[in-house]
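Structural description and commentary
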Amino acid sequence: MKQKETMSNTPSDDVIDDLDHVATSFDTPLRADAFEMDDELKIELISKHFKEIMQVLGLDLNDDSLKGTPNRVAKMYVQEVFSGLNPKNKPHARLFENKFGYDQMLVEKEITFYSHCEHHFVPIYGKAHVAYISSGKVIGLSKINRIVQYYAKRPQVQERMTVQIANELRSVLKTEDVAVVIDANHMCVSSRGVGDTNSKTGTAHFSGKFTNEDTKKEFLNYINTPA
Ligand SMILES: [Zn+2]
């Protein structure tokens, strides 16, 4: 397995060799009126436009197998794979008192996610590994998973997704001590273009105590040890 690693705060030239895929901002670029239209209308409009794309491609929309595709794609975009664009779908994280006084790092590794590359609208999928050190509060483990899924369900670039997850954890957990590592496969690399089926892309973001080499190493050792 080939693995490239980049620190999201110091992108190096050899990692970002494809200018198409440079993240420009940590916020997903959204228009101010992004949610003025309700989901039902979005589905109707996307369905109509997707039908046109299929027609331009020369597909026969009267065919039984293709007939329902525009509506299926539209529903999938709005309700599933891009549902993380809408702040109303953001997971509400309930915090608990850290009663046990556990002051070491808490790691949740191998969180499977499915996202989409915003440059080609094809899947990016992989594993996210997340850690934090409690500042007095703890979060339910399933919530970490939900935060990852929320930011994955958008048109994304991997670098931005990594930082968005880290920022959200910092804000929810009220701690600077957060680490996020993501290993992902990009279908836009493996199924088209250069056709490289084996490469994986790694991104990492470390803040607070995780910028300390020993703490970082402890986390990386943990996620690299097979369960
Ligand atoms: Zn792409």
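Residues numbered from 1 in each chain as written. Predicted model: local features only at pLDDT ≥ 70, side-chain atom pairs only at ≥ 80, totals over all residues.

An unreviewed UniProt entry lists the chain under the name GTP cyclohydrolase 1, from Reichenbachiella faecimaris. Per its UniProt entry, the chain bears the Subunit (unreviewed entry) comment "Homopolymer." (UniProt positions renumbered as here; feature names shortened; annotations may be inferred.)

**Comments concerning the environment of Ser47**
Mapped onto the elements, Ser47 comes out in helix α1 (residues 39-56). Given 19 C-beta atoms within 10 Å, Ser47 falls into the partly exposed group. Along the primary structure Ser47 and Lys75 are separated by 28 residues, whereas in three dimensions their C-alpha atoms are 8.2 Å apart. Apart from residues no more than four positions distant in its own chain, Ser47 is found in contact with Pro70, Asn71 and Ala74. (Helix = DSSP H or I, 4+ residues; strand = E, 2+ residues; numbered from the N terminus. Buried ≥ 20, exposed ≤ 12 C-beta atoms within 10 Å, placed from the backbone. Contact = placed C-beta atoms within 7 Å.)

**Things to note about the packing of helix α4 (residues 141-152) against helix α5 (residues 158-173)**
Contact geometry for α4 and α5: axes closest at 10 Å, N-to-C directions at 140°. Of the possible angle classes, the one that applies to α4 and α5 is oblique. Classified by chirality, the crossing of α5 by α4 is right-handed. Residues Ile147, Val148, Tyr151 and Ala152 of α4 touch α5, and the partners they reach there are Met161, Gln164, Ile165, Glu168 and Leu169. Residue classes in the contact of α4 with α5 are distributed as seven nonpolar, one polar and one charged. (Axes fitted to C-alpha atoms, helices over the stretch in contact; angles between N-to-C directions. Parallel < 35°, antiparallel > 145°, perpendicular 65-115°, else oblique. Left-handed = near helix turned anticlockwise from the far one by under 90°. Nonpolar A, V, L, I, M, F, W, Y, C, P; charged D, E, K, R; others polar.)

**Observations regarding the nonpolar core**
One finds Ala128, Val130, Val148, Ile165, Leu169, Ala179 and Val180 to be the most contacted residues of the largest nonpolar core, which totals 32 residues. Those elements giving two or more residues to this core turn out to be β3 (105-117), β4 (123-133), α4, α5, β7 (178-186) and β8 (199-206). Every residue in contact with Ala179, bar those within four places of it in the chain, is listed here: Ala131, Phe206, Phe210 and Phe219. (Core = buried A, V, L, I, M, F, W, Y, C linked by C-beta atoms within 7 Å.)

**Quick notes on the packing of α1 against helix α3 (residues 69-81)**
At a closest axis distance of 8 Å, the pairing of α1 and α3 adopts a crossing angle of 135°. One way to sum up the angle between α1 and α3 is to call them oblique. The interaxial crossing formed by α1 with α3 has right-handed handedness. Here Asp39, Lys42, Ile43, Ile46, Ser47, Phe50, Lys51 and Met54 of α1 come into contact with α3, specifically with Thr69, Pro70, Asn71, Val73, Ala74, Lys75, Tyr77, Val78 and Gln79.

**Digging into the pairing of β3**
Looking down a regular strand, the side chains alternate between one sheet face and the other. Relative to β4, β3 runs antiparallel, the two being bridged by 10 bridges. Bridged to Ser115 within β4 is Ile124. The antiparallel hairpin formed by β3 and β4 contains five residues in its connecting segment, where Phe121 sits at a positive phi of about 55°. The pairing of β3 with strand β6 (residues 155-156) spans two bridges and is parallel. The residue of β6 that forms the bridge with His116 is Pro155. (Pairing = 2+ DSSP bridges.)

**Here we look at the UniProt feature "binding site: Zn(2+)" (unreviewed entry) in the chain**
If you check UniProt for "binding site: Zn(2+)" (unreviewed entry), the listed places come out as Cys117, His120 and Cys188 in our numbering. These annotated residues cover 72 residues of sequence, and their C-alpha atoms lie no more than 7.5 Å from one another, placing them together at a single site. Along the chain, the position of Cys188 falls in helix α6 (residues 187-190). Apart from residues lying up to four places away in sequence, Cys188 is in contact with Cys117, His119, His120, Val122 and Gly193.

**Observations concerning α5**
Here α5 contains 16 residues, and its C-alpha end-to-end distance of 22 Å stays within 8% of the 22 Å for a straight helix at 1.5 Å per residue. α5 sits mainly inside the fold: 13 of its 16 residues count as buried. Following α5 by one or two positions, Lys174 adopts a phi angle in the positive range, close to 50°. (Expected span 1.5 Å × (residues − 1).)

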